[in-house]
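Residue strings, one per chain:
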Amino acid sequence: MRVLICEDSVLLREGLVRLLDHSGHRVVADLPDATGLMGFLDTASDQDFPQIAILDVRLPPSYTDEGIRAALQVRAKYPDLPLLVLSQYVEERYASELISTQSGSIGYLLKDRVADVNEFIASLEQIAAGGTILDQEVVAQLLTRRNHDDRMQRLTDRERSVLAAVAEGKSNQAIAALLFLSEASVEKYITSIFQKLGLEADGTGNRRVLAALAHIQNLGSNSTDRNGS
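Analysis parameters
Residues numbered from 1 in each chain as written. Predicted model: local features only at pLDDT ≥ 70, side-chain atom pairs only at ≥ 80, totals over all residues. Heavy atoms only, no water. Salt bridge = Lys/Arg side-chain N within 4 Å of Asp/Glu carboxyl O. Helix = DSSP H or I, 4+ residues; strand = E, 2+ residues; numbered from the N terminus. Buried < 20%, exposed > 50% of the residue type's maximum accessible area, 1.4 Å probe, protein only. UniProt positions renumbered as here; feature names shortened; annotations may be inferred. Contact = heavy atoms within 4.5 Å. Phe/Tyr/Trp six-rings, centres within 6.5 Å; stacked < 30°, edge-to-face > 60°. Pairing = 2+ DSSP bridges. Axes fitted to C-alpha atoms, helices over the stretch in contact; angles between N-to-C directions. Expected span 1.5 Å × (residues − 1). Arc of directions from axis to C-beta. pLDDT = per-residue confidence, 0-100. Parallel < 35°, antiparallel > 145°, perpendicular 65-115°, else oblique. Nonpolar A, V, L, I, M, F, W, Y, C, P; charged D, E, K, R; others polar.

Student: Please explain the pattern of salt bridges as it appears in this structure.
Tutor: Between side chains of opposite charge, a pair can form when the charged atoms approach closely. Taken as a whole and judged by the stated rule, the model has seven salt bridges. With a shortest N-O distance of 3.0 Å, Glu7 and Lys111 are connected by a salt bridge. Here Glu7 is found in the loop between strand S1 (2-6) and helix H1 (10-22), whereas its partner Lys111 is found in the loop between strand S5 (106-110) and helix H5 (117-128), with 104 residues between them in sequence. Considered together, Glu7 and Lys111 belong to a single accessibility category, that of buried residues. Here Arg26 makes a salt bridge to Asp48, at a shortest N to O gap of 3.2 Å.

Student: What is the right way to read the UniProt feature "modified residue: 4-aspartylphosphate" (unreviewed entry) in the chain from this model?
Tutor: The feature "modified residue: 4-aspartylphosphate" (unreviewed entry), as given by UniProt, occupies Asp56 in the numbering adopted here. Residue placement: Asp56 occurs in the loop between strand S3 (52-55) and helix H3 (66-77). Discounting residues that sit within four places of it in the chain, Asp56 has contacts with Cys6, Glu7, Asp8, Gly67, Ile68, Leu86, Ser87 and Lys111.

Student: Would you explain the packing of aromatic side chains in this entry?
Tutor: Two aromatic rings are characterised by how far apart their centres lie and by the angle between their planes. What the rule picks out here adds up to one aromatic pair. Here Phe49 and Tyr78 contribute two aromatic rings whose centre-to-centre distance is 5.4 Å and whose plane-to-plane angle is 55°, an arrangement assigned as tilted. Within this pair, whereas Phe49 is found in the loop between helix H2 (37-43) and S3, its partner Tyr78 is found in the loop between H3 and strand S4 (83-87), the two being separated by 29 residues in sequence. Overall, the relative accessible area of 18% leaves Tyr78 in the buried class.

Student: Is there a simple way to think about the sheet that holds strand S2 (residues 26-31) in this case?
Tutor: In a beta sheet, neighbouring strands are held together by backbone hydrogen bonds and run either parallel or antiparallel to one another. In space, the six strands of this open sheet follow the order S2-S1-S3-S4-S5-S6, with parallel pairing throughout. Taken across any chain shown, the strands that pair with only one partner, and hence form the sheet edges, are S2 and strand S6 (132-134). Each neighbouring strand pair of the sheet contributes to a mean axis angle of 15°, computed without reference to strand direction. Of the pairings in the sheet, the one linking S1 to S3 comprises four bridges and is parallel in character. Note on S3: the bridge partner recorded for Leu4 is Ala53.

Student: Would you mind showing me how to read H1 here?
Tutor: Each α-helix turn comprises 3.6 residues. Residues three or four places apart therefore point the same way. In this model, H1 (13 residues) spans 18 Å end to end at C-alpha, consistent with the 18 Å of a helix rising 1.5 Å per residue. By the burial criterion, the buried members of H1 are Arg13, Leu16, Leu19 and Leu20. Viewed end-on, H1 has its buried residues packed into an arc of 130°, placing them on one side of the element. Of the exposed residues in H1, those oriented more than 90 degrees away from the buried face are Leu11, Arg18, Asp21 and His22. Downstream of H1 by one or two residues, Gly24 has phi in the positive range, about 90°.

Student: Looking at this model, I keep getting lost on the confidence of the model for the chain. Mind explaining?
Tutor: Interpretation of this model should avoid reading the predicted coordinates in detail wherever pLDDT is low. Averaged over all residues, the pLDDT of the chain is 82; the fraction at 70 or higher stands at 81%. Per-element mean pLDDT across the chain ranges from 46 in helix H12 (residues 219-228) up to 97 in S1. Here residues 218-226 is a poorly scored stretch, pLDDT under 50, and it has 16 contacts once near neighbours within four places are set aside; other chains count.

Student: Can you walk me through the packing of H1 against H5 in this structure?
Tutor: The description of two helices packed together rests on the angle between their axes and the distance between the axes. Here H1 crosses H5 at 80°, and the two axes come no closer than 11 Å. Of the possible angle classes, the one that applies to H1 and H5 is roughly perpendicular. Across the interface between the two elements, Leu16, Leu19 and Leu20 of H1 pack against Val117, Phe120, Ile121 and Leu124 of H5. A class-by-class count of the residues in the contact of H1 with H5 yields seven nonpolar, no polar and no charged.

Student: I keep staring at unusual backbone geometry and nothing clicks. Help me out?
Tutor: Excluding glycine, a negative phi dihedral is what most residues carry, and trans is how most peptide bonds are arranged. Residue Pro61 is bonded to the preceding Pro60 through a cis peptide linkage, with omega at 5°. As for its placement among the helices and strands, Pro61 is situated in the loop between S3 and H3. Residues other than glycine seldom take positive phi values, yet Tyr63 does so here, at roughly 55°. In this structure, Tyr63 sits in the loop between S3 and H3. Notably, Phe180 is not glycine yet its phi reads approximately 55°, a positive angle. Phe180 gets classed as exposed once you look at its relative accessible area, which sits at 76%.

In structure tokens, the structure reads:
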């Protein structure tokens, strides 16, 4: 798998390069900031174009939100390029906009909560294959923000817990173990969530992702209203 890294920390960047190389993947570019990101993507050959890009949120020069804004630019121009935002922070202002894009192949993980190397590589490969993986803290912060989506208000607390686990990419079996439920119960909760959110089967298998993001999708407008007030 070809990987692009955009991370200002030399130690972390070099560590990712070595980890990915050791895991059999190839790093096609390791950038210290986002200034050369679009230029690299625009000129990369088919052999060097990344199959996934890893970006930090806070990059030079201001160390605020350059990385996630760059991720939005990448998603707009290259919607099929899988992205993993790897950061110490949940940047709510842009995270909801990035995560709510319905093309999938997106991840948002917090550095301090990545405790297992093999699990990280597996998450990376899952995102590259079209999956969506969100750290539970990211989900918690976005799902607890005030909103006015009547569909989300229909969910029970248990359904919200199941939904958060779905957003983390967990299987029904893993959700059952996490919440001390039977797999049959988990399946019933997920079916109920689909119904309450008005998500019909479309043959693509994306309903799990769309269910997890249905609430998040409307947060951008709410955030804009608050910022503009």
